[in-house]
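Tertiary structure, described
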Amino acid sequence: MQTRTRKPTHPGRIIEHHYMKPMNLTVTALAAHLGISRKHLSNLVNEKVGITSDMAMRLSRAFGTSPDLWMNMQKSRDLWEAEHERTDWETVKPLPGVHGVCAG
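Since the model is a prediction, treat every value here as computed from it, not as a measurement.

Quick notes on the rules
Residues numbered from 1 in each chain as written. Predicted model: local features only at pLDDT ≥ 70, side-chain atom pairs only at ≥ 80, totals over all residues. Heavy atoms only, no water. Buried < 20%, exposed > 50% of the residue type's maximum accessible area, 1.4 Å probe, protein only. Helix = DSSP H or I, 4+ residues; strand = E, 2+ residues; numbered from the N terminus. Arc of directions from axis to C-beta. Contact = heavy atoms within 4.5 Å. Axes fitted to C-alpha atoms, helices over the stretch in contact; angles between N-to-C directions. Parallel < 35°, antiparallel > 145°, perpendicular 65-115°, else oblique. Left-handed = near helix turned anticlockwise from the far one by under 90°. Core = buried A, V, L, I, M, F, W, Y, C linked by side-chain atoms within 4.5 Å. Phe/Tyr/Trp six-rings, centres within 6.5 Å; stacked < 30°, edge-to-face > 60°. Polar contact = N/O pair within 3.5 Å; in protein donor to acceptor, adjacent residues only side chain to side chain.

1. Details of helix α4 (residues 53-63)
Listing the buried residues of α4 in full gives Met55, Ala56, Leu59, Ser60 and Phe63. Down the axis, α4 shows its buried residues gathered within 135° of arc, on one side only. Turned more than 90 degrees away from the buried face of α4 sit Ser53 and Arg61, all of them exposed. With its phi angle positive at about 70°, Gly64 sits one or two positions after the end of α4.

2. Points about the side chain of Arg77
Tracing the sequence through the fold places Arg77 in helix α5 (residues 67-84). Judged by its relative accessible area of 10%, Arg77 is buried. Residues contacting Arg77, with those up to four places away along its chain left out, are Lys7, Pro8, Thr9, His10 and Glu47.

3. A look at the packing of helix α2 (residues 27-34) against helix α3 (residues 38-45)
Following both chains from N to C, one finds α2 and α3 inclined at 115°, their axes separated by 8 Å at the closest point. Taken together, the axes of α2 and α3 lie roughly perpendicular to each other. In this structure, α2 meets α3 at a crossing whose hand is right-handed. Where α2 approaches α3, its residues Val27, Thr28, Leu30, Ala31 and Leu34 are matched on the opposing element by Arg38, Leu41 and Ser42.

4. Some remarks on the nonpolar core
Membership of the largest hydrophobic core comes to 19 residues, with the highest contact counts inside it found for Ile15, Leu41, Ile51, Leu59 and Trp70. Looking at this core, the elements that each hand over two or more residues are α1 (11-23), α2, α3, α4 and α5. If we ignore the near neighbours within four places in the chain, the residues touching Trp70 are Pro11, Ile14, Ile15, Tyr19, Ile51, Ala56, Leu59, Ser60, Phe63 and Thr65.

5. Notes on the packing of aromatic side chains
A complete count under the given rule lists three aromatic pairs for this structure. The interplanar angle of 45° and the centroid separation of 6.3 Å between the aromatic rings of Phe63 and Trp70 together place this pair among those described as tilted. Side by side, Phe63 and Trp70 carry an identical accessibility label, which is buried. In textbook terms, an aromatic cluster arises when at least three aromatic residues are bridged by ring pairs, as seen for Tyr19, Phe63 and Trp70.

6. Concerning the side chain of Gln74
Residue position: Gln74 is located in helix α5. The class of Gln74 is buried, set by a relative accessible area of 7%. Within the structure, Gln74 has its side chain in polar contact with the backbone nitrogen of Ile51 (distance 2.8 Å). When near neighbours in sequence (up to four residues on either side) are disregarded, Gln74 contacts His10, Pro11, Gly50 and Ile51.

Functional significance is not addressed by these values, which are geometric in nature.
Structure, rendered in structure tokens:
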């Protein structure tokens, strides 16, 4: 796993600071443009929910970016959080014979 000391920025913060503020967009206005509820966008901007594939498609259309940009931001955040939470994933051992096997 990658060793990253700083928690990746939440995509909602990127939306707010790199798009909404410079464009003088309110949560209400952007939510209407994206075709989502104001509450959902507010939850995203306030880092209470993450980016879904549907949201990534909407944001990519609205901001002229790729859906992968948004999904990769969310993935990086999710993996960092999983790596830094103390759960049982660390006790999982590789299956015998898996080394060198690749899918597909």
